[in-house]
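# Chain and residue survey
Each chain, written out:
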Amino acid sequence: MNILFLTSEIHPLIKTGGLADVSRSLPLALHALDHEVRILLPNYTSVQSQLPDVHCILENFPEGLLPAPARLLEATLPDTPLTLWILDCPELFERSGGPYQDEEGNDWSDNPARFGALCTAGAWLAQQAGSRLNWAPALVHCNDWQTALTPVLMKLWDCPVPSVLTIHNLAFQGNFPAHWCASLHLPSSEFHMESLEFHGQLSFLKAGIVHADQITTVSPRYAREIQTLEMGCGMDGLLRRRASALSGILNGIDELWDPETDVFLPVHYTARKLQGKARLKKHLQMKIGLPVRPDALLIGMVSRLTWQKGIDLVLDTLEDWLTDEVQVVVLGSGETEVERQLAHWSSRAPERVRVILGFNEVRSHEIIAGADLFLMPSRFEPCGLAQMYAMTYGTLPLARATGGLADTIIPYQAGSQPVEGTGFLFENADPQDFHGALTQALACFHQKEVWQRLMRHAMARDFRWNKAALEYQTLYQTLLSAP
Ligand code: ADP
Ligand code: GLC
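The notes below deal with the structure included here. Every residue gets a number counted from 1 within its own chain, in the order that chain's sequence is written. Each chain is given a letter, starting from A, and each ligand a number, starting from 1, according to the order in which they appear as written. Given that this is a predicted model, residues contribute local features only at a pLDDT of at least 70 and side-chain atom pairs are listed and counted only at 80 or more, while totals for whole chains, interfaces and linings are drawn from all residues. Note that water and hydrogens are dropped before the side-chain values are worked out from all heavy atoms of the structure.

Attention now goes to the nonpolar core. Only buried Ala, Val, Leu, Ile, Met, Phe, Trp, Tyr and Cys residues count toward a nonpolar core, and they belong to the same one when joined by side-chain atoms within 4.5 Å. Note on classification: 1.4 Å probe, protein chains only; a residue is buried when its accessible area is under 20% of the maximum for its type, exposed when over 50%, partly exposed between these limits. Grouped together as the largest cluster of nonpolar side chains are 163 residues, with contacts concentrated most on Leu40, Phe61, Ile209, Leu373, Leu398 and Phe424. It is helix α4 (residues 111–132) that provides the largest number of residues to this core, a total of 11 residues. Segmentation into domains, and thus their bounds, comes from an automatic or database assignment. Taken domain by domain, this core gets at least three of its residues from each of domain 1 (2–254 + 465–481) and domain 2 (275–460). Residue contacts are defined here by distance: any two heavy atoms, one from each residue, within 4.5 Å place the two residues in contact. Ignoring anything within four residues of it in the chain, the contact list for Leu398 reads Leu373, Phe374, Leu375, Met376, Pro377, Phe424, Phe426, Phe434, Ala437, Leu438 and Ala441. Counting nine residues, the second largest nonpolar core, distinct from the first, contains Leu284, Val329, Leu331 and Ile356. Helix and strand definitions follow DSSP, with helices as H or I runs of at least four residues and strands as E runs of at least two, each counted in order from the N terminus.

Structure, rendered in structure tokens:
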């Protein structure tokens, strides 16, 4: 089946979070099932320079379709057989800063125009690629708000191709002042509560939820959670109305994340030969300048530093559990105040806390492999990939029981026989519950046999993409056979 896959980030070209990982690994898994996938993404400044074989396949889009001159480039995603279609529109995408924000961390003010263009190009390709480029998609798969206008445009243009929208995070909705509706040439007749409008604004995500043929989220539990008032981000009513077209498919993890072959690690290991992991702990402690202590519980966190990820729970309780038995390393970037408080801890307790601000792929692998315990105290978590990476590396996750975290981590119950579990879960996003789980983890760490058993259970879990790819395949086939 030919699948046009729309995304605003992809590993290793451009990444702010898990969407980039999924945008590489899901198409790869679909390719392994003999599907032909074309991945459409914008040509941000850093993208083209990383691609050796890039060439132009379309010199221009029809006059007036996009807000600025644009071409379509084609290339292969490095180290994969995957074909990229790159929307090259310098006026919108060639600038320093991130994919969504400038260097100061402010959203680009023309984001609706930028991602409106991506959506428009996607819809146009869904309809025209067959005749113009000799490759007709049977289905279009959109991801998050940045691509969520495509299903609307496809409907408006009577495009017969079905669409799927995957919600990776309902909290990011792409809501913009109403005047953007006209700027993006969307018909004003669609600007109402049952279509594009959300509390007086134009909402990319709502539009996609209304108009996509199928909606998925990245874990079954999150698919249920977003239909509740508490976690529906204002869209729960709509999601309940669309419940028959909504399902949750748990993400998988990429084969790049494997402690036996990881290219970023100097030493490798398996569940049967764990010595390598102990060496990586030492390597990490040395590299980041913490005392080399095999006996200390080395706690790692690699995360966007935002409210979603519960980093404030860590900061609010650190004083209580930062004993001599514990070391902490945090890698991340995000809210300025959180970064400031973390940096403060790093200088206040240099023997125990190390904070690395910024985005660092190599260091993220070193921490996930070298730490004993991995923190994800998220308030909500659509899926979460890092906890699955951690388990695969025998690093036990400590997480809040929400979304994909609850769907992937089997909680350890103290005293249970036989010893079962792959990590530690706590219920409420409050300091007591979080602290309680940490105390349990620390007690468990002192029982070496129990800990090792949990490590082996965690490493035995299979989080590869095969199963999820089959679920997507079934969903696509059902859509295509629908009358
Ligand atoms: P989210 O997409 O909500 O940020 P996920 O757990 O799905 O959460 O994915 C996060 C991904 O981004 C993981 O691959 C994680 O290792 C990576 N990541 C997050 N922050 C950093 C960072 N500062 N440096 C390197 N990798 C990071
Ligand atoms: C989002 C979610 C995260 C999920 C990722 C990939 O960024 O916050 O939970 O794992 O998308 O689907």
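Our next topic: the sheet that holds strand β14 (residues 326–334). By the convention used here, strands pair only if DSSP detects at least 2 bridges between them. One open sheet holds the six strands; their spatial order is β15-β14-β13-β16-β17-β18, and the pairing between them is parallel. In this open sheet, the two strands that pair with only one neighbour each are β15 (353–357) and β18 (424–426). Averaged over all adjacent pairs, the angle separating strand axes in this sheet is 15°, with direction ignored. Note that strand β16 (residues 373–376) and strand β17 (residues 396–400) share four bridges and pair parallel. Axis definition: a line fitted to C-alpha atoms, limited for helices to the stretch in contact. Angles are taken between N-to-C directions and run from 0 to 180 degrees.

On to the pairing of strand β4 (residues 71–76), then. Taken together, the three bridges between strand β3 (residues 55–58) and β4 define a ladder with antiparallel strand orientation. Residue pairing in the sheet places His55 in a bridge with Glu74 of β4. Sheet topology note: the β4/strand β5 (residues 83–88) ladder contains six bridges and is antiparallel. Within β5, the position partnered with Leu73 by the bridge is Ile86. If you look at the hairpin formed by β4 and β5, you'll find six residues sitting between the two strands, and Asp79 has a positive phi there, around 60°.

Turning our attention to unusual backbone geometry. The peptide bond linking His11 to Pro12 adopts the cis configuration, its omega dihedral lying at 5°. Counting through the fold element by element, Pro12 comes out in the loop between β1 (2–6) and α1 (18–32). Residue Pro418 follows Gln417 across a cis peptide bond; omega there is -5°. Among the structural elements, Pro418 can be located in the loop between α15 (403–408) and β18. Here the phi dihedral of Asp34 falls at roughly 75°; this positive angle occurs in a residue that is not glycine. Note on placement: Asp34 falls in the loop between α1 and β2 (36–42). Positive phi values are uncommon outside glycine, yet Cys233 reaches one of about 45°. If you trace the backbone, Cys233 turns up in the loop between α8 (220–225) and α9 (236–241).

What makes a residue near a molecule or strand is one non-hydrogen atom of that residue sitting within 4 Å of it. Neighbouring ligand 2 are 14 residues; His168, Asn251, Glu381, Cys383 and Gly384 lie closest to it. Note that an oxygen atom of ligand 2 is positioned 2.8 Å from one of the side-chain N or O atoms of Asn251. Measuring from an oxygen atom of ligand 2, one finds a side-chain N or O atom of Glu381 at 2.5 Å. A 1.4 Å probe and the Shrake-Rupley method give the accessible areas. Residues count as covered only by the protein chains that appear here. Alone, ligand 2 offers 310 Å² of accessible surface; in the complex the protein occludes 92% of this. Considering only residue class, the shell around ligand 2 consists of six nonpolar, six polar and two charged. Per-domain counts for the shell around ligand 2 show at least three residues from each of domain 1 (2–254 + 465–481) and domain 2 (275–460). Polar contact is defined as a pair of N or O atoms within 3.5 Å, subject to the rule that within protein one atom must be able to donate a hydrogen and the other to accept it, and that residues adjacent in sequence are counted only when both atoms are side-chain atoms. Classes in brief: Ala, Val, Leu, Ile, Met, Phe, Trp, Tyr, Cys and Pro nonpolar; Asp, Glu, Lys and Arg charged; the others, Gly included, polar.

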